[in-house]
Amino acid sequence: MSFWKTLSCLKSPCEILNRRSLSASTALRDQHNCRLLVVGGGAGGCSIAAKYASKLGKNRVIIIDPADRHYYQAMFTMIGGGMKKLNQSYKPMEDVLPKQALWLKDKVTEIDPKKNEVTTEKGDIVQYDYMVVATGIELDFTKIPGLLEGLKDHRSGVCSNYSPLYVTKTYGCIQRLDSGNAIFTYPNSPVKCAGAPQKIAYITADYLQRNGRRNVNVLYNTALPVIFKAPKYATSLWKVAEKKRVKVNLNVDLVEVRPDKKQAVFKSLSKPDETFVQEYQMLHVCPHHCPTPVIAKNKELSDSVGFLNIDKGTLQHIKYPNIFGIGDCTTLPTSKTGAAVAGQLGVLRRNLSAALEGKTPTAIYDGYTSCPLVTGYGSCIMAEFDYDTNPLETFPFDQGVERRTMFHMKKDVMPILYFNLMLRGLWEGPGIFRKIMHFGFSK
Ligand SMILES: Cc1cc2nc3c(=O)[nH]c(=O)nc-3n(C[C@H](O)[C@H](O)[C@H](O)COP(=O)(O)OP(=O)(O)OC[C@H]3O[C@@H](n4cnc5c(N)ncnc54)[C@H](O)[C@@H]3O)c2cc1C
């Protein structure tokens, strides 16, 4: 970050004088001051910063994120299925973040909501009037013994679409399948895109059917007691699983991977203390996820699990009215997806603007989320639902059915929408289209 960039975000000569202060260790550290601080430059952070960067003026919005690349993670499923390349899924962070905002390429390590300030890994201090927290959710590949070793070994058959480090391994694993088991797992913890672990199972089954490989058993082993949270789409997915010959095992949790023997150890959640071993040729793992440490360790800001404790309607922090949250890092009891982030953006914009003007936030988020459940090379069930898992479908036809149009929507339209509209602050979910397509008779 250049000196002049930093300088121009400061408000007064006094702040300029305070720009560098001596810490206890006598090291020089930068001080910044802003109207709006956005922590995290992913789907939620980048999009909300874009809405305010020009409105509030040059460098009055500061974004902090240590990442070099901004990934469109929703594309990972298509990469795993060999339908997209990894380099289509990301852009350099500096190319997506709004130019009017100041980007600090750093990580927030401490948040002091009483002083309205955060500290970064490099030791900078940033003071804010308002803050939006958008740090996402972390992956923990270490929780399952043997998993990391398996992922790092190119011949192990172990893969995961969840990380850009391993997603390119998946398609090779699918192509090599000729016999035995292809196992797909879902862990016993909250995850982002809860549909992703089974989408890749259906894509694999479709690949095998198209290539006449009948000797492979496809197993979807999930720790959940249901195939999918929203009942309407669960009914559809049971039919897809049957048609594609995917054997679904509920209430089973992957607890160990033995890459040398190509064995996976599962614990039965319905019969405590019972474990069993399955051999695999391919093992696709959805890892355990955990809340971002900077939020989890902050008891003022987080709930007992470690997520940012915000009001499920207004997205405002329950204790600190100048703090808002968006996306995967929050306590919002909906499915953690980029589509949910889009649905939250309009509510956050309205409520943050109200707060900035000293008014009370009144806009309410209904829990809208969406999961494009890709079921093969050319088919998709477009699940859309609210907090109560009631369908909130955009199109005037039954979205519980596999459709080619929805597949192209997911594969071809959504990436354009994401990079060109959402990240520029111009997309707040399909609510407006839903109303139009249902002649105003939808929520
Ligand atoms: C395999 C897979 C498939 C998916 N499929 C879909 C799909 O089909 N449809 C869909 O809608 N969604 C899908 N998603 C989910 C979607 O990508 C996420 O829900 C979405 O990106 C969440 O946005 P976010 O802003 O909350 O977090 P993210 O986009 O993950 O961004 C978080 C950002 O915070 C930064 N950060 C973290 N900690 C700190 C810190 N301490 N200080 C500063 N910055 C920090 C990170 O570097 C990151 O840039 C999928 C995800 C995966 C992994």
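- The name given to the protein in an unreviewed UniProt entry is Sulfide:quinone oxidoreductase, mitochondrial, with the source organism recorded as Zootermopsis nevadensis.
- The UniProt entry for the protein carries this comment under Function (unreviewed entry): "Catalyzes the oxidation of hydrogen sulfide with the help of a quinone, such as ubiquinone-10, giving rise to thiosulfate and ultimately to sulfane (molecular sulfur) atoms. Requires an additional electron acceptor; can use sulfite, sulfide or cyanide (in vitro). It is believed the in vivo electron acceptor is glutathione."
- If you open the UniProt record of the protein and go to Cofactor (unreviewed entry), you find "FAD".

1. Some details on the site of the ligand
Then step 1. The local shell around the ligand holds 36 residues, among which Gly44, Asp65, Asp328, Gly338 and Ala339 are the closest.
Then step 2. Within the backbone of glycine 44, an N or O atom sits 2.8 Å from an oxygen atom of the ligand.
Then step 3. Within the side chain of lysine 199, one N or O atom sits 3.0 Å away from an oxygen atom of the ligand.
Then step 4. Sorting the residues of the shell around the ligand by element identifies α3 (43-56), α4 (76-80), α8 (196-210) and α11 (338-356) as the ones contributing at least two each.

2. Regarding the UniProt feature "domain: FAD/NAD(P)-binding" (unreviewed entry) in the protein
Then step 1. Mapped onto the present numbering, the UniProt feature "domain: FAD/NAD(P)-binding" (unreviewed entry) falls on residues 35-336.
Then step 2. Helix makes up 24% of residues 35-336 and strand makes up 29%, while its end C-alpha atoms are separated by 28 Å.

3. Some thoughts on unusual backbone geometry
Outside of glycine, negative phi angles account for most residues, and trans bonds account for most peptide bonds.
Then step 1. With a phi close to 55 degrees, asparagine 116 is a non-glycine residue in the positive phi region.
Then step 2. Assignment of secondary structure puts asparagine 116 in the loop between β7 (108-112) and β8 (117-120).
Then step 3. Positive phi values are uncommon outside glycine, yet lysine 262 reaches one of about 55 degrees.
Then step 4. You can see lysine 262 is positioned in the loop between β15 (252-258) and β16 (263-268).

4. What about the nonpolar core?
Then step 1. Counting residues in hydrophobic clusters, the biggest one holds 69 residues, and the most contacted among them are Leu37, Ile111, Val118, Met131 and Val132.
Then step 2. Take this core: its biggest share by element is 9 residues, from α11.
Then step 3. Both domains that meet at this core, namely domain 1 (3-136 + 292-356) and domain 3 (369-437), each give it at least three residues.
Then step 4. Here leucine 37 is in contact with Ile62, Ile64, Val118, Val126, Tyr128, Tyr130, Met131 and Val132, once residues within four sequence places are set aside.
Then step 5. If you look at the next biggest cluster of nonpolar residues, it comprises 48 residues, including Leu208, Ile227, Cys371 and Phe407.

5. A word on the sheet that holds β15
Then step 1. Across the sheet, 3 strands lie side by side as β15-β16-β17; this open sheet has antiparallel pairing. The two strands at the open ends of the sheet, each matched to only one other strand, are β15 and β17 (275-279). Put simply, the sheet's adjacent strands are angled 30 degrees from each other on average, direction ignored.
Then step 2. Two strands pair when backbone bridges link them, and β15 and β16 are joined in this way by 6 bridges, in the antiparallel orientation. From the neighbouring strand, leucine 254 faces β16, where its bridge partner is phenylalanine 266.

6. Details of helix α12 (residues 404-421)
Then step 1. Over its 18 residues, α12 extends 24 Å from the first C-alpha to the last, a length consistent with the 26 Å expected when each residue adds 1.5 Å.
Then step 2. For α12, the complete set of buried residues consists of Met406, Phe407, Lys410, Pro415, Tyr418 and Phe419.
Then step 3. If you follow the buried residues of α12, they end up packed against α3, β4 (69-71), α4, β5 (90-92), β21 (369-376) and β22 (379-385).

7. As for the packing of aromatic side chains
Then step 1. Counting across every chain of the model gives 14 aromatic pairs.
Then step 2. Ring centres of phenylalanine 228 and phenylalanine 385 lie 5.8 Å apart, and the angle between their planes is 85 degrees; on these two criteria the pair is classed as edge-to-face. Placement of phenylalanine 228 in the loop between β13 (216-222) and α9 (231-243) and of phenylalanine 385 in strand β22 is noted, with a sequence separation of 157 residues between them. For the residue pair phenylalanine 228 and phenylalanine 385, the accessibility class agrees, reading buried in each case.
Then step 3. Through a chain of ring-to-ring contacts, three or more aromatic side chains come together here, namely Tyr71, Phe76 and Tyr90.

8. Looking at the packing of α3 against α11
Then step 1. Packing of α3 against α11 brings their axes to within 10 Å, and their N-to-C directions diverge by 40 degrees. Judged on the interaxial angle alone, α11 and α3 are oblique. Our pair here, α3 against α11, has a crossing hand that is right-handed. In contact with Ala43, Gly44, Ser47, Ile48, Lys51, Tyr52 and Lys55 of α3, α11 contributes Val341, Leu345, Leu348, Arg349, Leu352, Ser353 and Leu356.
Then step 2. Tallied by class, the residues present in the contact of α3 with α11 amount to 8 nonpolar, 3 polar and 3 charged.

9. Some words on the sheet that holds strand β18 (residues 282-284)
Then step 1. Spatially, β11-β18-β12-β13-β14 is the arrangement adopted by the 5 strands of the open sheet, whose pairing is parallel. Every interior strand has two partners, whereas the edge strands, β11 (158-159) and β14 (246-249), have only one.
Then step 2. Judged from the 4 bridges that link them, β13 and β14 form a sheet pairing that is parallel. Residue pairing across strands places valine 218 opposite valine 246, the latter belonging to β14.

The rules behind each value
Residues numbered from 1 in each chain as written. Predicted model: local features only at pLDDT ≥ 70, side-chain atom pairs only at ≥ 80, totals over all residues. Heavy atoms only, no water. UniProt positions renumbered as here; feature names shortened; annotations may be inferred. Near = heavy atom within 4 Å. Polar contact = N/O pair within 3.5 Å; in protein donor to acceptor, adjacent residues only side chain to side chain. Helix = DSSP H or I, 4+ residues; strand = E, 2+ residues; numbered from the N terminus. Core = buried A, V, L, I, M, F, W, Y, C linked by side-chain atoms within 4.5 Å. Buried < 20%, exposed > 50% of the residue type's maximum accessible area, 1.4 Å probe, protein only. Domains from an automatic or database assignment. Contact = heavy atoms within 4.5 Å. Pairing = 2+ DSSP bridges. Axes fitted to C-alpha atoms, helices over the stretch in contact; angles between N-to-C directions. Expected span 1.5 Å × (residues − 1). Phe/Tyr/Trp six-rings, centres within 6.5 Å; stacked < 30°, edge-to-face > 60°. Parallel < 35°, antiparallel > 145°, perpendicular 65-115°, else oblique. Left-handed = near helix turned anticlockwise from the far one by under 90°. Nonpolar A, V, L, I, M, F, W, Y, C, P; charged D, E, K, R; others polar.

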